[in-house]
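# Topology and contacts: notes
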Amino acid sequence: MTKKSLLSEIKKDIKVSGISSDTRNIEKNNIFFAVPGNLDDGHHYIATAIKKKASAIVTNKNYSKKSSIPIYKIKDIREELSRSAYNFYANNINNLIAV
């Protein structure tokens with residue numbers, strides 16, 4: 001049994017067409033996961049995701065700027081990204097592209 005993801009709660013309120021942790025791949029209505037990394041920090045790209053019409057932001061840090069979209073602060077962003085990706089793509093297998 002898998003844990004319920006934040007994605008299932010987000011999808012009740014807004015349209016979600018995909019998820020990403022890379023703003024270069026963000027499309028309209030995607031959820032952006034601002035994941036911190038060793039060389040760069042996804043939190044630096046929240047404004048870019050908003051400009052690209054992301055439907056929501058998921059972060060593990062405070063974001064103090066005003067936003068026109070929902071921002072969800074959670075404790076373990078990597079675990080939530082994994083759970084949300086599994087739940088999104090398992091239910092939307094036609095959106096999955098494998099190479």
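Preceding this section is the structure that the text describes.
Right, let's get into the pairing of strand 3 (residues 56–59). Working note: regular strand, side chains alternate between the two faces of the sheet. Here strand 3 shows a buried face lined by Ala56 and Val58 and a second buried face lined by Ile57 and Thr59. Bridge count for strand 2 (residues 30–33) against strand 3 is 3 bridges, and the pairing is parallel. Bridge pairing links Phe32 to Ile57 in strand 3.

A word on the side chain of Asn30. Mapped onto the secondary structure, Asn30 falls in strand 2. A polar side-chain atom of Asn30 sits 3.0 Å from the main-chain amide nitrogen of Glu27. Beyond its immediate stretch of four places on either side in the chain, Asn30 contacts Ser17, Gly18, Ile19, Asn25, Ala54, Ser55 and Ala56.

Below, the discussion takes up unusual backbone geometry. At Asn29, a residue that is not glycine, the phi angle is positive and equals roughly 70°. Take Asn29: it is sitting in the loop between strand 1 (18–20) and strand 2. Backbone geometry at Lys53 places phi at a positive 70°, although glycine is not the residue there. When you line up the elements, Lys53 lands in the loop between helix 2 (46–51) and strand 3.

Scanning all chains against the criterion turns up 4 salt bridges. Its salt-bridge partner being Asp41, residue Lys61 comes within 2.5 Å of it at the nearest N-O pair. Of this pair, Lys61 sits in the loop between strand 3 and strand 4 (71–73) while Asp41 sits in the loop between strand 2 and helix 2; the two residues are 20 residues apart in sequence, bridging distant segments of the chain. Note that Glu80 is salt-bridged to Arg83, the shortest N-O span being 2.9 Å. Of this pair, Glu80 and Arg83 both sit in helix 3 (residues 77–91), separated by 3 residues, roughly a single helical turn. For the pair shown, Glu80 and Arg83 are each scored as buried.

What follows is about the nonpolar core. Residues Leu7, Ile10, Val16, Ile31, Phe33, Val58 and Ile77 are the most contacted members of the largest nonpolar core, which totals 13 residues. For this core, the element with the most residues is helix 1 (residues 6–13), which contributes 3 residues. Discounting residues that sit within four places of it in the chain, Ile10 has contacts with Val16, Ile31, Ala56, Val58 and Tyr72.

Let us look at the pairing of strand 2. Here strand 2 shows no split at all, with Asn30 and Phe32 on one side and Ile31 and Phe33 on the other all buried. In terms of strand pairing, strand 1 meets strand 2 through 3 bridges, oriented parallel. Of the residues in strand 2, the one forming a bridge with Gly18 is Asn30. Crossover connection from strand 2 via helix 2 to parallel strand 3: handedness right-handed.

Each value, and the rule that gives it
Residues numbered from 1 in each chain as written. Predicted model: local features only at pLDDT ≥ 70, side-chain atom pairs only at ≥ 80, totals over all residues. Heavy atoms only, no water. Buried < 20%, exposed > 50% of the residue type's maximum accessible area, 1.4 Å probe, protein only. Helix = DSSP H or I, 4+ residues; strand = E, 2+ residues; numbered from the N terminus. Pairing = 2+ DSSP bridges. Polar contact = N/O pair within 3.5 Å; in protein donor to acceptor, adjacent residues only side chain to side chain. Contact = heavy atoms within 4.5 Å. Salt bridge = Lys/Arg side-chain N within 4 Å of Asp/Glu carboxyl O. Core = buried A, V, L, I, M, F, W, Y, C linked by side-chain atoms within 4.5 Å. Right-handed = clockwise from strand over helix to strand, strands pointing away.

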